[in-house]
Structures are given as C-alpha cells and as structure tokens.
Amino acid sequence: MERADIVRLDKAHVWHPYTAMEAYIAETDPLVVVRSEGVSLFDADGTRYLDANGSWWVSTLGHRHPRLLRALAEQAAMLPHVSLAGITHEPAALLASELAAIAPGADQPGLPAAERLSRVFYSDNGSTAVEVAIKMAAQYWAQNGKPRRTRFITLSGAFHGETLGATSVGGVPLFREVFGPLLFDVVHVPSPAEAEGGWARAFDQVRATLRAHPDEIAGVILEPVLQGAAGMVMYSPDFVRAVREATREVDTFLIADEVFTGMGRTGARFAVDLSGVVPDMLCLAKAVSGGILPFGVTLASERVFSGFLGPSSRALYYGHSYCGNPLGAAIAREVLAIYRDEDVLGQVARKAPRVQAAFERMAATIPGLVRPRAVGMVGAVDLGGGGYLARGGWRVYEAARRRGLYLRPMGDTVYIAPALNISDEDLDELLAGVEASLREVAGR
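Summary of the structure given here. (Residues numbered from 1 in each chain as written. Predicted model: local features only at pLDDT ≥ 70, side-chain atom pairs only at ≥ 80, totals over all residues. Heavy atoms only, no water.)

Focus: the overall build of the protein chain
Move 1: Summing up its helical and strand segments, the protein chain has 15 helices and 16 strands in all.
Move 2: The C-alpha radius of gyration of the protein chain comes to 22 Å, within 12% of the 22 Å expected for a compact globule of 444 residues.
Move 3: In the protein chain, which comprises 444 residues, the share counted as buried stands at 53%.
Move 4: Of the contacts formed within the protein chain by residues at least 6 apart in sequence, a portion of 71% connects residues at least 24 apart.
Move 5: Taken as a whole, the protein chain presents about 18,500 Å² of accessible surface, with 55% of it coming from carbon and sulfur.
Move 6: Looking at the protein chain, you have 43 positive and 50 negative side-chain charges, and the mean spots of the two groups are 2 Å apart. (Helix = DSSP H or I, 4+ residues; strand = E, 2+ residues; numbered from the N terminus. Rg over C-alpha atoms; globule rule 2.2 N^0.38 Å. Buried < 20%, exposed > 50% of the residue type's maximum accessible area, 1.4 Å probe, protein only. Contact = heavy atoms within 4.5 Å. Areas by Shrake-Rupley, 256 points an atom, 1.4 Å probe, with all protein chains shown as cover. Lys, Arg positive; Asp, Glu negative; His and termini not counted. Charge placed at Lys NZ, Arg CZ, Asp CG, Glu CD.)

Structure (structure tokens):
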C-alpha cells in the first residue's frame, strides 16, 4: 500500500491509545512504521528513526533480536497455544523455575521459605499482572482471618495499568478521575519524589496509615524508585526499604509493580534490588517478553500461595485464555538467556553514567530546562511544570522527528528509555539529537 492510503484508512477507522483523536485526524502526519531493526524504526517513506522509548518501554533488547525471532518460530512450529487451566507445558514450567531462581531474595540463603518469591502466576500484560496481585492480596486476607483488609495504600502519580482494579490504585488524576464512581477506595499518599520535606515525610504518612488502620490495609503497592507515567519521577531506594519494614510491622503485603522498572531498566535486575528488599508480590510485563508478544507475570511468596490451599472454594478463580501461553513463555525464557549471555546488566552499568551526564549537561546549558534526572538507562528533563497535557514536549517531539528520532514526551517531560543493549554509536546519536532538539525549542 502507498503511505497515503495507510494514513487514510487509519484516520477513518483506528482509535489510537492516549491520543486526542480530533486533533490527530485533523493535524497529525503520523509515522507509518513498516519495519524495525535493532533500535531503529523505518517509515513507509524510507526514513529511519531511532526508537528513544523502546516502543512504549517494551523493547529492552531492541527490535527483532534474532534469538527471539528464532525462539518464536521454533515454539510456533511445535505448540503455539494451549490453556494453562489445570494442565501444563514445558515453556511455562521452565520459565517459572527460572524466574523464581532470579527473583529478589533468591540468592539470600537465610531468607525464610515463606518469604521467597517461588510461585508464578501468568497473565497477559502489565495491567493484568497488577490485577492479579490485587486479587491475590484481597482474597488472601478474606479467607485467612482478616476480611476487613480491603484497602490499598498507593502513591500520588502512581500508574499501575488500565483495568479497573489497576486504575483504582493509580494516582494520575487525568487517568482515573472520570472513572471515579467505578473504582474502589484506596489511600493515596504523596509521592516520595514530590512530598514536601522529602521521602521521609511521605513515608511518615504510609507508616501512620498502617498503624492507624492495621486491620483495613491489604497492602502497599508502588513502582520502586521510578514512577514512569508520572513523568519519569525518581525517588530514593531508602523509601522502599522503609515501607517494607512498615508493612512487616503490621504484617501486611508489599506489592512491587516492576512492569516498567524491572528487567534491568534501573541498572539492577529489579528496582527493589536497589533497596535490598523482597516484596510479597512482584509484577512483570513489557521487557519480560522482549517486545515480541504481550505477556504478564505475577510472582508471589510461598506464604501468599499457601493461603489459597485447602478446599476448592479457596482457589484463586482468575485467569485469561492466553495466560502462560507457550509462545510468550518460550520468548521470555530466551530473554532471560540473552540477559545472561550478553551481560545486559553490565551494559547498563557502563552506559548509565553517560545518560546521566548528558541530561545534567542539557539542564545546565539550555535555558528553561529543570529537574534533570536519571536512573539506569532512563534520563529525563522538564521544560516547565505544565503537566501531562502541556505541549512543550511535543514541540521537542517534532524537532526530534526532523532529526530522525522517535520520542514520546509526557507533557513538558522529555525523556529517553531506549533498548538496554543500544550501541555506543546509537546512544551518542540519540543523546546528541535530544540535546539539539531541546536547544531548538528553547531558542524559540
């Protein structure tokens, strides 16, 4: 098809996510991506773009990694799909074992067996991985002596997914307020990155809530260290460590949403590793399947799992048709193997200082830029304080597009979250292009 025909059909029929469609139809000349390779996307007009955000944070190993394509083809030739309801298959069993072996705390010989993240529940994506954790926590307390524990503590600016349960524990007003009548009640506390007085002040509210309502709180859910959709907001690992101790004090759950932060994004395998804590549940998606297929994982402690044993009425009656599908499980296993074989975490350790230095330099030398920040392979800076609907970042998007970069800002926040194995040459090109685009917009 001609590029113009694709755009015409798209604007006639496709409803895009997170897109103001009236303006899109009237004004946008979209990228029409026909091919991807490594960290590059190719438009139907032949233009190459560096993918600065890993196509919404999923392609941490770049596009079309040959080992992932081979794993997909080999599994598709043998067993594309079968239900996981009461039966099993090799990729799901092996992947669960491998995830348990690298989970937080797995290398701590003194960790009690009940606290080990030794159980794996599969779902379809990040939202459902969080939904699983919410239901696990609520049902556990309902059938293990504390049925009043139905509320969750969450952070302002939190984003945990799109389903109604995940939206309930979210903290971005724009994404949740319209659904207010449909959402269950949660306790929002200030983000440790935004709280007046620092993370300790935010923690004081978490601890005070837990102590005041110990019989009502089913758990605390947070994105460890890095709140992505809040605008790449970063906070101290000390906050996560303090929250873990506070939940132990009242014996309730800590849920780590690592859908974005996991799999090396922050420099550690899991962001909770930066704090040295082991949560009761940990949610994964995005990078776990290498940008090839949707796939979600919820790791749970042996204690949580044991709370569902007994008569059939105690089972977790939850699942999706494609949960634990053989294709996704086989690809996820290969992702883990690539991380080992290509020393992906070592690559992040080597490149992360360059990302941090570049964003600090931009803020120091370009007028109007504020709050430079970086952790692992994520770097961000703000053009102002206009929030998610501000247009400053989109002016940078247009300037970057002219330079062959695909950015996706969040309002006035411009950030990068590229493939973790991006080459030094491509990283140099990306950082230079972002800086030039910011200078162009600031110069106006």
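Section: the pattern of salt bridges
Where charged atoms from two side chains of opposite charge come close, those side chains can pair.
Move 1: In total, this model carries 30 salt bridges according to the counting rule given.
Move 2: Close ionic contact of Asp238 with Arg241 constitutes a salt bridge, the shortest N to O distance being 2.6 Å. Here the residue Asp238 and the residue Arg241 both occupy positions in helix H10 (residues 237–250), the gap between them amounting to 3 residues, near one helical turn.
Move 3: With a shortest N-O distance of 2.7 Å, Asp251 and Arg303 are connected by a salt bridge. With Asp251 in the loop between H10 and strand S10 (253–257) and Arg303 in helix H11 (residues 302–306), the pair connects residues that are 52 residues apart, well separated along the chain. (Salt bridge = Lys/Arg side-chain N within 4 Å of Asp/Glu carboxyl O.)

A short note on the side chain of Glu435
Move 1: Within the fold, Glu435 resides in helix H15 (residues 424–443).
Move 2: Judged by relative accessible area, Glu435 falls into the buried class, the value being 13%.
Move 3: Apart from the residues lying within four places of it in its own chain, the contact partners of Glu435 are Arg361, Met362, Thr365 and Ile366.

Some thoughts on empty space enclosed by the protein
Move 1: Here the structure, examined in full by the defined rule, presents 1 cavity of 30 Å³ or more.
Move 2: Lining the largest cavity are Ala158, Phe159, His160, Gly161, Ala166, Thr167, Gly170, Gly171, Val172, Phe175 and Arg176. (1 Å grid on protein atoms, 1.4 Å probe; cavity = no way out; pocket = protein on both sides within 12 Å on 5 of 7 lines; lining within 4 Å. Points joined across faces, edges and corners; volume = space filled by probe spheres on them.)

Overview of the state of the cysteines
Move 1: One pass over the full model with this rule turns up 0 disulfides.
Move 2: With no disulfide of its own, Cys283 lies 15 Å from the sulfur of Cys323, the closest cysteine sulfur.
Move 3: Accessibility expressed as a relative area gives 0% for Cys283, which makes it buried. (Disulfide = S-S within 2.5 Å.)

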